[in-house]
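# Observations on the three-dimensional arrangement
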Amino acid sequence: MKIYNTLSKRKEEFVPIEEGKVRMYVCGPTVYNLIHIGNARPMIVFDTVRRYMEHKGYQVNYVSNFTDVDDKIIKKAAEEGVDASVISARYIEECKKDMAALNVRPATTHPLATNEIDGMLEMIGTLIQKEYAYPAEDGTVYFRTRRFPEYGKLSHKNLDDLQGGSRSLLVSGEEQKEDSLDFVLWKPKKEGEPYWESPWCKGRPGWHIECSVMSRKYLGEQIDIHAGGEDLVFPHHENEIAQSEAANGKNFANYWMHNAFLNIDNRKMSKSAGNFFTVRDISEKYDLQVLRFFMLSAHYRSPLNFSADLMEAAKNGYERIVTGVSNLDYLAQNVGRSEADEQEKALLVQAEAFITRFDEAMDDDFNTADAISVIFELVKFANTNTGENSSREFAGKLAEEIVRLSDICGLLVRKQAQILDEEIENLIEERKQARKAKDFARADAIRSELLEKGIVLEDTREGVKWKRI
RNA sequence: GGCGCAGUAGCCAAGUGGUAAGGCAAUGGUCUGCAACACCAGUAUCCACCGGUUCAAAUCCGGUCUGCGCCUCCA
């Protein structure tokens with residue numbers, strides 16, 4: 001299995017620190033609002049990475065934090081006149097709902113920054129002791145960036161370029177830094193803000209130190225994979241490396257994975273531009289499996305454009321798989337012959353090639369676009385080779401195969417049997433009689449009536465089928 | 001200004017040296033009372049442009065154009 005590593009800028013064979021196990025940390029959202037569809041991309045992508053790793057037999061320890069103390073949370077709390085913890089608790093709950101709807105599995109551990117303050121104080125203390133950090137007069141603690149010679153190794157920047165770029169960006173408070181590249185580990189509280197006691201001042205942690213501490217606590221000093229959006233490469237992940245490696249004296253993460261951004265109508269999503277969508281917004285119009293399918297239909301390192309038309313196309317594509325499985329399930333339950341014959345057995349052997357190709361695609365830096373195209377080919381293979389003369393075993397096995405591959409991508413393609421209201425069932429039965437009597441006007445009227453209730457009827461060779469839209 | 005990414009059919013998107021996967025849309029056909037589903041057929045002489053390397057390039061090298069990202073909170 002090959003993974004593109006931002007550190008080396010190339011694909012590398014994945015070798016875990018501990019055989020059979022993966023330790024993986026994914027930077028999670030700051031919970032000050034409902035998550036937006038841009039937040040959803042890393043969640044979906046790295047959930048898929050995790051699922052594939054597990055499919056390959058790895059035991060994955062997957063940690064993803066919630067940043068629950070931050071300027072934006074404090075601002076929102078002030079607006080609503082409530083405590084910051086009320087805001088963060090609310091949006092953590094909402095985020096978990098969205099994740100469930102996206103079929104993103106909960107992490108092994110979802111640590112909260114505010115529960116890990118002791119660890120942060122400890123790490124900051126160590127950094128000061130090792131002279132990698134220093135407190136300023138007002139109690140702010142800064143990381144001494146130039147003391148960490150490898151600073152810039154992830155983002156491939158050199159310190160002097162950064163120095164030049166930031167010189168014009170000096171803001172108030174900067175003058176107490178030894179160097180403009182130094183970044184904050186601990187900052188003093190302002191009036192009305194949540195705070196914790198520390199040896200330096202009453203205050204709260206800087207953003208970067210959280211992840212270094214939580215990663216170490218739940219996964220150990222050295223981990224296999226650290227992941228997040230590409231915007232986190234600099235400065236967040238660069239700073240994490242500096243903190244963790246300076247404090248622990250060890251290499252931090254072996255593989256750094258970054259997903260590219262999601263754009264809306266070819267522009268960066270932003271509230272001010274008015275092209276901002278939360279996951280909840282999308283869920284009002286689409287099954288969120290469609291959003292997941294959409295995100296996985298491009299490679300995670302390519303920028304992905306989002307638009308209404310593209311979502312429609314994704315919906316149609318996703319439904320092709322769902323319909324395929326549904327047709328196979330129908331055959332598997334209703335067809336006469338139970339055992340596969342010789343010809344079908346030969347076809348099942350042939351179908352194994354799709355599984356191999358699926359794994360090859362995923363082994364190549366999680367090429368989900370290619371992997372999904374293999375699922376489509378398998379669907380077509382199944383559609384072409386099954387019919388009312390198929391055996392239950394044959395249809396059933398093909399259905400299982402499609403469901404299994406989709407499941408590795410976290411895509412739910414088998415719709416649960418839904419219970420129909422008695423009234424609807426009666427209408428379907430009445431329409432059946434009407435069609436038998438060639439009263440097509442009445443049959444079409446019933447179909448229209450059901451359509452208004454969100455029920456679509458299809459008269460297939462195998463009989464009348466219906467689905468909710 | 002520094003660093004970096006991308007440009008493949010109407011749209012989306014794989015493919016990084018051996019002669020263009022897959023999906024959506026559209027077209028013709030089969031099936032169907034009709035519709036939907038499904039199947040079959042054709043659909044990029046060509047991969048932004050120019051030049052080079054090679055027996056061979058969408059794939060490597062150089063240049064041009066265009067779009068985008070990071071360098072500042074941000075997935």
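As a starting point, this report considers the structure included with it. Values in this document were obtained by computation on a predicted structure and should not be read as measured data.

On to the overall build of chain A, then. When its secondary structure is counted, chain A shows 15 helices and 15 strands. Taking all 469 residues of chain A together, 50% fall into the buried category. For chain A, the accessible area works out to roughly 22100 Å², and carbon and sulfur atoms hold 48% of it. The average position of the 63 basic charges and that of the 78 acidic charges among the side chains of chain A differ by 2 Å.

Okay, the packing of aromatic side chains next. Enumeration according to the criterion identifies 15 aromatic pairs in this entry. Their ring planes at 35 degrees and their centres at 5.8 Å tell us that Y134 and Y142 sit as a pair that is tilted. With respect to class, Y134 is no different from Y142; both count as buried. For the ring pair F143 and F183, a centre distance of 5.0 Å and an interplane angle of 15 degrees mean the geometry is stacked. Of this pair, F143 sits in strand β6 (residues 141-143) while F183 is found in strand β7 (residues 183-188), placing the two residues 40 residues apart along the sequence. One aromatic cluster is present, built from ring pairs that chain together F14, Y58 and Y255.

The next thing to look at is the sheet that holds strand β5 (residues 133-135). In spatial order, the strands read β5-β6-β7-β8; together these 4 strands make up an open sheet with antiparallel pairing. At either margin of the open sheet sits one strand with a lone partner, and together these are β5 and β8 (203-205). Recorded for the sheet is a direction-independent mean angle of 20 degrees between the axes of neighbouring strands. The sheet contact formed by β5 and β6 spans 3 bridges and is antiparallel. Bridge pairing in β6 places Y134 opposite Y142.

Here we come to the sheet that holds strand β13 (residues 304-306). Spatial ordering of the open sheet is given by β12-β11-β13, a layout of 3 strands whose pairing is mixed. Of all the strands in the sheet, the pair left with one neighbour each is β12 (267-268) and β13. Note: strand β11 (residues 262-264) against β12, 2 bridges, orientation antiparallel. Its bridge partner lying in β12, I264 is registered against R267. Lying over the sheet, helix α9 (residues 288-296) contacts β11 and β13, oriented at roughly 145 degrees with respect to β13.

What follows is about the pattern of salt bridges. Tallied over the entire structure, the rule returns 38 salt bridges. Its salt-bridge partner being E18, residue K21 comes within 3.6 Å of it at the nearest N-O pair. The class for K21 is partly exposed, based on a relative accessible area of 32%. With relative accessibility at 35%, the residue E18 sits in the partly exposed group. Taking the shortest distance from any N to any O, the salt bridge between E193 and R204 comes out at 3.3 Å. Residue E193 is located in the loop between β7 and β8, and its partner R204 is located in strand β8; the two are separated by 11 residues in the primary sequence. In this structure R204 comes out as buried when scored by relative accessible area, which is 3%.

Definitions and limits used
- Residues numbered from 1 in each chain as written.
- Chains lettered and ligands numbered in written order.
- Predicted model: local features only at pLDDT ≥ 70, side-chain atom pairs only at ≥ 80, totals over all residues.
- Heavy atoms only, no water.
- Helix = DSSP H or I, 4+ residues; strand = E, 2+ residues; numbered from the N terminus.
- Buried < 20%, exposed > 50% of the residue type's maximum accessible area, 1.4 Å probe, protein only.
- Areas by Shrake-Rupley, 256 points an atom, 1.4 Å probe, with all protein chains shown as cover.
- Lys, Arg positive; Asp, Glu negative; His and termini not counted.
- Charge placed at Lys NZ, Arg CZ, Asp CG, Glu CD.
- Phe/Tyr/Trp six-rings, centres within 6.5 Å; stacked < 30°, edge-to-face > 60°.
- Pairing = 2+ DSSP bridges.
- Axes fitted to C-alpha atoms, helices over the stretch in contact; angles between N-to-C directions.
- Contact = heavy atoms within 4.5 Å.
- Salt bridge = Lys/Arg side-chain N within 4 Å of Asp/Glu carboxyl O.

Keep in mind these numbers describe shape, not what the thing actually does.
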